[in-house]
Amino acid sequence: MPLGRYMEICNAHYYAARDPLGAAGDFTTAPEISQMFGEMIGTWCADRWLQIGSPEEFTLLECGPGRGTLMADLLRITKAIPGFHEAARIVLLETSPVLREKQRAALRDHKVQWVDDLKDVEALNAPLIVIANEFLDALPVEQEVSGAQRVVKFEDGALGYHPSGKVTKEYAPVREAWTVRLCNLLKDKRGAALIIDYGYEKGGGDTFQAVQKHEFVDPLTAPGTADLTAHVDFAALRDIAKSVGIDVLGPAGQGRFLHDLGIGLRAAQLAKNANTEQCQALDAALHRLCGHDQMGHLFKVVQFTA
Ligand code: SAH
């Protein structure tokens, strides 16, 4: 089968069957590192809502919300914005039943609805504010070896790549089609989207990878038990948005983006009521989220507005 089909089947099984996040799981994401991440995304959402004239009703859509941590932190911080909570219809795009349960628990104090697909948002007639952290990397990619599409084949008792050899091209038709649909939705409803993920603006190459228990593993052994991802081509996202007539800001490094939103001030504020150990944890989280050698550069942020 084509590599993309393999990735799609494996990930559907992988996410449906487990909560992969955190120290005891396979990988850790920014919202799970510190509440400050979701708080900064919350300030971005509030700013966007104010910029579009504080509509009395809007859709706040998160794609791939994991444990619901980002949304919970975002909602706690935006309580300070008069009218924001009353106006927000919270929608979570999530296919995993296990993670839906986690999200339900994390957001039990809020009215939330779930959807399986972007098309379920089409019927909601209100401005749209969308966030997606580490969602697009999970969507399938295809690869070529010297012009031939790479497939995964079961042969002599094991899975292998055909043709073998160096990957000469990687592309993401599902991710691109998804981005076109997102941009058309934004154009139709007006609003904004913030996409955060690891990826590149130039280069790329073979970025298909599998992670299990915080280590890289072979994507072809034990299918459906490791997280299969690929780096996001941010230049492609930007070009898609522009071709649909959407305004684009970025991509910017996650470190720069969070600093510009005031994460340093927030850390200092939290440190005021913290003991020495908690202060060290805050410093460590700040470095992990923003450090150039950590998530600050590899992780990128792009904003779409319409
Ligand atoms: N945003 C969260 C979780 C990232 S993990 C965080 O930052 O912690 C990827 C998330 O996307 C999970 O919630 C997973 O179930 C969801 N997901 C992956 N593929 C999906 C698909 N095709 N459709 C809908 N959700 C998907």
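See the structure above.
Below is a summary of the structure that appears in this document. (Residues numbered from 1 in each chain as written. Predicted model: local features only at pLDDT ≥ 70, side-chain atom pairs only at ≥ 80, totals over all residues. Heavy atoms only, no water.)

Some details on the sheet that holds strand β12 (residues 215-217)
Here comes step 1: Strand order in the open sheet made by the three strands is β12-β11-β13, with antiparallel pairing throughout. Both outer strands of the open sheet, β12 and β13 (227-229), are each paired with one neighbouring strand and no more. When the angles between neighbouring strand axes are averaged without regard to direction, this sheet yields 40°.
Here comes step 2: In terms of strand pairing, strand β11 (residues 209-212) meets β12 through three bridges, oriented antiparallel. (Pairing = 2+ DSSP bridges. Helix = DSSP H or I, 4+ residues; strand = E, 2+ residues; numbered from the N terminus. Axes fitted to C-alpha atoms, helices over the stretch in contact; angles between N-to-C directions.)

Digging into the layout of surface pockets
Here comes step 1: Of the volumes computed, that of the largest pocket is approximately 790 Å³.
Here comes step 2: Lining of the largest pocket is provided by 37 residues; of these, Y15, T95, F135, A138 and L139 occupy positions nearest its centre.
Here comes step 3: When residues of the lining of the largest pocket are traced back to their parent elements, those giving at least two are α1 (3-17), α2 (30-33), α4 (69-77) and α7 (173-189).
Here comes step 4: The biggest single contributor to the lining of the largest pocket is α1, with six residues.
Here comes step 5: As a volume, the second largest pocket reaches approximately 490 Å³.
Here comes step 6: Every element with two or more residues in the lining of the second largest pocket is listed here: β11 and β12. (1 Å grid on protein atoms, 1.4 Å probe; cavity = no way out; pocket = protein on both sides within 12 Å on 5 of 7 lines; lining within 4 Å. Points joined across faces, edges and corners; volume = space filled by probe spheres on them.)

What about the nonpolar core?
Here comes step 1: With 42 residues, the main nonpolar core has I41, C45, L60, L74 and L289 as its most contacted residues.
Here comes step 2: Here the element with the most residues in this core is helix α3 (residues 35-51); it accounts for eight residues.
Here comes step 3: When sequence neighbours within four positions are dropped, the list of residues in contact with L60 reads C45, M71, L74, L75, F84, A88, R89, I90, V91 and I129.
Here comes step 4: By size, the runner-up hydrophobic cluster in this structure holds 31 residues, among which are L124, F135, L182 and V248. (Core = buried A, V, L, I, M, F, W, Y, C linked by side-chain atoms within 4.5 Å. Buried < 20%, exposed > 50% of the residue type's maximum accessible area, 1.4 Å probe, protein only. Contact = heavy atoms within 4.5 Å.)

Some remarks on the site of the ligand
Here comes step 1: Neighbouring the ligand are 16 residues, the closest being T29, G64, G66, E94 and N133.
Here comes step 2: T29 places a polar side-chain atom, nitrogen or oxygen, 2.5 Å from an oxygen atom of the ligand.
Here comes step 3: The contact in question runs from an oxygen atom of the ligand to an N or O atom on the side chain of E94, over 2.5 Å.
Here comes step 4: Protein chains bury 90% of the 570 Å² of accessible surface belonging to the ligand in isolation.
Here comes step 5: Structurally, the ligand is housed in the largest pocket.
Here comes step 6: Across the shell around the ligand, the residue classes break down as eight nonpolar, six polar and two charged. (Near = heavy atom within 4 Å. Polar contact = N/O pair within 3.5 Å; in protein donor to acceptor, adjacent residues only side chain to side chain. Areas by Shrake-Rupley, 256 points an atom, 1.4 Å probe, with all protein chains shown as cover. Sits in = over half its atoms within 2 Å of the grid points. Nonpolar A, V, L, I, M, F, W, Y, C, P; charged D, E, K, R; others polar.)

A few points about the state of the cysteines
Here comes step 1: Summed over all chains, the structure comprises zero disulfides.
Here comes step 2: Lacking any disulfide linkage, C45 is separated from the closest cysteine sulfur, that of C63, by 12 Å.
Here comes step 3: Exposure remark for C45: the relative accessible area of 0% places this residue in the buried category. (Disulfide = S-S within 2.5 Å.)

Quick notes on the pairing of strand β2 (residues 88-93)
Across a regular strand the side chains alternate sides, sitting on one face of the sheet and then on the other.
Here comes step 1: Most of β2 is tucked away: five of the six residues are buried.
Here comes step 2: Here six bridges tie strand β1 (residues 58-63) to β2, and the two strands are oriented parallel to one another. Residue pairing across strands places C63 opposite L93, the latter belonging to β2.
Here comes step 3: By the bridge criterion, four bridges tie β2 to strand β3 (residues 112-115) in an arrangement that is parallel. Following the sheet pairing, L92 is matched in β3 by W114.
Here comes step 4: Each parallel crossover has a hand, and the one from β2 via helix α6 (residues 97-106) to β3 is right-handed. (Right-handed = clockwise from strand over helix to strand, strands pointing away.)

Here's the deal with the packing of aromatic side chains
Here comes step 1: One pass over the full model with this rule turns up six aromatic pairs.
Here comes step 2: A centroid spacing of 5.1 Å and a plane angle of 80° characterise the contact between Y14 and Y15, whose relative ring orientation is edge-to-face.
Here comes step 3: Summarising the aromatic geometry, the rings of F135 and W178 are spaced 5.1 Å apart at their centres and angled 55° between planes, so their arrangement reads as tilted. You can see F135 sitting in the loop between β4 (128-133) and β5 (142-145) and its partner W178 sitting in helix α7, a full 43 residues away along the chain. W178 carries the same exposure label as F135, and that label is buried.
Here comes step 4: Within the aromatic cluster, the residues linked to one another by ring pairs are W49, F58 and F84.
Here comes step 5: Across from the ring centre of Y161, 3.6 Å away, lies the NZ or CZ of R150, which sits over that ring. (Phe/Tyr/Trp six-rings, centres within 6.5 Å; stacked < 30°, edge-to-face > 60°. Lys NZ or Arg CZ within 6 Å of the ring centre and 35° of its normal.)

Observations regarding the pattern of salt bridges
Here comes step 1: In total, this model carries 15 salt bridges according to the counting rule given.
Here comes step 2: Residue D117 is joined to R181 by a salt bridge in which the shortest nitrogen-to-oxygen separation is 2.4 Å. In this pair, D117 is assigned in the loop between β3 and β4 and R181 in helix α7, connecting sequence segments 64 residues apart.
Here comes step 3: The salt bridge partner of D239 is R238, with a shortest N-O separation of 3.8 Å. (Salt bridge = Lys/Arg side-chain N within 4 Å of Asp/Glu carboxyl O.)

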